[in-house]
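# Chains, contacts and geometry: an overview
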Amino acid sequence: YRTSERLDTQPHTYEAWVKVEKNAPASELGVIAGNYKNGSTHSYGMEVRANGNPFLWLGYGGEGTNQRISFDKVDLRTGEWTHVAITHDNKTAYCYVNGELVQTVAASLPDVNIAKTGALCLGGDLRSGNKRYLKSAELSSVALFSDMRTEAEIKADMEKVGIDDADILAAYDLSARDASSLKDLSSK
């Protein structure tokens, strides 16, 4: 699913309900949500990488400034619906599974807005042919926030995303599976 509008602000929290097959291959499984396009320099993506690891890609546009943050102690290949959230500031990235902090990774992230490169894509990104689409998994919802959500906020979002939250950038319910009716539910 490709959205029609670009985000104006870089997300600092990425949340999704995902069901990754228990017997999914150990290879990379694809993008949950992202805006990477061939040749784009300022981009982001929440992914499921090898061994079911949640992964955050932040492209700042220069060799050595792109960040690849892997949560290698987490395996989303459970065969059950799982809420995964990744938050970050300029020094640290955090991964929450079902509302619980499960891993912290140090990262040196520049203070650059990387949101305006391209429209958001759900279940893939904007590369030619969408070669990084999400495989061996289902996606039920995605929400992006401009702030670093707290553990309490993430737990509350598991029940119902705070659509009227001032920091929400976009929220999508994919449970209907009808691309023609997919709309951003945030109140921006």
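Residues numbered from 1 in each chain as written. Predicted model: local features only at pLDDT ≥ 70, side-chain atom pairs only at ≥ 80, totals over all residues. Heavy atoms only, no water.

## Digging into the sheet that holds strand β1 (residues 13-20)
Read from one edge of the open sheet, six strands run β8-β7-β6-β1-β10-β11, paired in antiparallel fashion. A single partner strand is all that each edge strand has here, and the edge strands are β8 (100-106) and β11 (168-173). Going across the sheet, the axis of each strand differs from the next one's by a mean of 20°, ignoring polarity. Note: strand β6 (residues 82-88) against strand β7 (residues 92-97), five bridges, orientation antiparallel. When the bridges of β7 are listed, Thr-87 appears paired with Tyr-94. Strand contacts of helix α1 (residues 151-159): β1, β6, β7, β8 and β10 (137-145), with the helix running at about 145° to β6, the strand carrying the most contacts. (Pairing = 2+ DSSP bridges. Helix = DSSP H or I, 4+ residues; strand = E, 2+ residues; numbered from the N terminus. Axes fitted to C-alpha atoms, helices over the stretch in contact; angles between N-to-C directions. Contact = heavy atoms within 4.5 Å.)

## A short note on the environment of His-88
The topology assignment puts His-88 in strand β6. Look at His-88 and you get buried, because its relative accessible area is 2%. It is 9.0 Å that separates the C-alpha atoms of His-88 and Pro-11, two residues lying 77 residues apart in sequence. Within the structure, His-88 has its side chain in polar contact with the backbone oxygen of Pro-11 (distance 3.4 Å). (Buried < 20%, exposed > 50% of the residue type's maximum accessible area, 1.4 Å probe, protein only. Polar contact = N/O pair within 3.5 Å; in protein donor to acceptor, adjacent residues only side chain to side chain.)

## Some words on the sheet that holds strand β5 (residues 67-70)
Spatially, five strands are ordered β5-β4-β3-β2-β9 in an open sheet, and the strand pairing comes out antiparallel. Each having just a single partner strand, β5 and β9 (121-122) make up the two edges of the open sheet. Pairing analysis gives four bridges linking strand β2 (residues 30-34) to strand β3 (residues 42-48), with the strands arranged antiparallel. Looking across to β3, one finds that Val-31 is bridged to Glu-47.

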